[in-house]
Amino acid sequence: MANPEYSGKLDKSVLNHYLSLESPEGHVQCEYIWVDGTGQGIRSKCKTMDFVPKKAEECPVWNYDGSSTYQAEGSNSDMYLHPVALFRDPFRRGEHKLVLCEVYKYNKEPAETNKRHSCKKVMDEAKSSIPWFGIEQEYTLLSPDGHPFGWPKNGFPGPQGPYYCGVGANRVYGRDIVEAHYRACLYAGVKIAGCNAEVMPAQWEFQVGPCEGIDMGDHLWIGRYILERVAEDFGVVVTMDPKPMPGDWNGAGAHCNFSTLKMRQKGGIKEIEDAIDRMSNHHTRHIQAYDPKQGEDNKRRLTGLHETSSIEDFSAGVANRGASIRIPRQVAAEGCGYLEDRRPSSNCDPYAVTEIIVCTAVLNK
Ligand code: ADP
Ligand code: MN
Ligand code: MN
Ligand code: MN
């Protein structure tokens, strides 16, 4: 990896001179964004458009070199970018756009890590149930040396306890990044719902939702892209590793909150319990969809300790943070609402997560 220290050190006031130059009338920069062959890395490249696109469909299909993104051999390397969702660009501002894309291979088949393609089909099939999702994206900030941001260079901070939702210079590290990211998401049109400092120092969470169907994956991926860009400006590294520090430190997940219209209506708790029953029959399938390595990454996190369940077993319970699925206390009290699947890893693909939940919980397949 390149040394991350340098990007944050360039003088941003020099940059601002150029960013304030006027562009030719009607011309905008569109940043095409996609998921690379690792299933978790984000790539992007920029294209000038001589009109202001209002919908993703107005943006042309484009291509890139898949042999440089772990996606294709050099001899047959062209991959296609199909624009699917548009957001405002919080970095360039004005009419400039972020353009989320699906990736297709030379033969027009979806790339292996294009999880959106099949997710979209499932969401279309389940449309009448009006599925809503909210994902809690946990992540960890690292210094350029790979050590968690703000941690003592030789050693460890004091044990966990004071950091979750903490305030104060000795309890939270990197709030500037969190604040900048939140505003940038609001500006872009990402449906950010909240944020908080996490249990391990330098670990944070932002929530996105509620989003209907395919929007969940679209909004979360753009939220992640914006986070990477903001942290880049500060010269700080983001990791989505589900267990960045082994030992007595919390891992990072991506709890997926889920409901259908029936679950949200009066008496919906029965629907929630039935859905949990259906999901319980497919624990292994869910685990395989919950990180890019079919459970290999997540098994470092899902130990049964540190507010997790064991990766081996399925469990569910009201207000139980040691269960695979938690029914929030308030939902049990009101008799309707949503469930929380606590298993997805922080580096999950939200398309794969929401697809399997709808498959087993709604479509019963
Ligand atoms: P936790 O108590 O587990 O930390 P958070 O407040 O961090 O929960 O996140 C809750 C998430 O649940 C948010 O992303 C929110 O958008 C989402 N959410 C709220 N209501 C619903 C619902 N009815 N269906 C799906 N998701 C929901
Ligand atoms: Mn949360
Ligand atoms: Mn959390
Ligand atoms: Mn949660």
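As a starting point, this report considers the structure included with it. Just so it is clear, the model here is predicted, and its values are computed rather than measured.

Protein coordination at the manganese ion (ligand 3): the donors are Glu 138 (OE), Glu 198 (OE) and Glu 205 (OE), at 2.1 to 2.2 Å from the metal. Between the manganese ion (ligand 3) and the manganese ion (ligand 2), a spacing of 3.8 Å is present, and a bridge between the two is formed by Glu 205. You'll find Glu 198 and Glu 205 in the same group, each marked buried.

All right, on to the pairing of strand β8 (residues 203-212) then. The buried fraction of β8 is high, at eight of 10 residues. Bridge count between strand β6 (residues 132-142) and β8: eight bridges; the pairing is antiparallel. Among the inter-strand pairings, Ile 135 is bridged to a residue of β8, identified as Val 208. Pairing of strand β7 (residues 192-197) with β8 involves five bridges; the strand directions are antiparallel. Counted as the bridge partner of Cys 195 is Phe 206 from β8. The turn linking β7 back onto β8 is made up of five residues, and Ala 202 within it adopts a positive phi angle of 80°.

This next bit is on the environment of Val 167. The residue Val 167 is located in the loop between β6 and α3 (175-188) in this model. Not counting the four nearest positions on each side in its chain, Val 167 is found in contact with Val 172 and Arg 175.

This part covers the packing of helix α2 (residues 116-125) against helix α9 (residues 350-362). Remark: α2 packs on α9, axes separated minimally by 9 Å, with the N-to-C direction vectors making an angle of 30°. The way α2 lies across α9 gives a crossing that is left-handed. Here Arg 116, Ser 118, Cys 119, Val 122 and Met 123 of α2 lie close against α9, whose contacting residues are Tyr 351, Thr 354, Glu 355, Val 358 and Cys 359. Tallied by class, residues from the contact of α2 with α9 come to six nonpolar, two polar and two charged.

With 12 residues, helix α6 (residues 269-280) should cover 16 Å at 1.5 Å per step; its first-to-last C-alpha distance of 16 Å lies within 8% of that length. Within α6 the residues assigned to the buried category are Ile 272, Ala 275, Ile 276 and Met 279. Along the axis of α6, the buried positions cluster into a sector of 100°, meaning they face one direction only.

Cut-offs and rules
Residues numbered from 1 in each chain as written. Chains lettered and ligands numbered in written order. Predicted model: local features only at pLDDT ≥ 70, side-chain atom pairs only at ≥ 80, totals over all residues. Heavy atoms only, no water. Donors = N, O, S within 2.8 Å, 3.2 Å for Na, K, Ca; no water. Buried < 20%, exposed > 50% of the residue type's maximum accessible area, 1.4 Å probe, protein only. Helix = DSSP H or I, 4+ residues; strand = E, 2+ residues; numbered from the N terminus. Pairing = 2+ DSSP bridges. Contact = heavy atoms within 4.5 Å. Axes fitted to C-alpha atoms, helices over the stretch in contact; angles between N-to-C directions. Left-handed = near helix turned anticlockwise from the far one by under 90°. Nonpolar A, V, L, I, M, F, W, Y, C, P; charged D, E, K, R; others polar. Expected span 1.5 Å × (residues − 1). Arc of directions from axis to C-beta.

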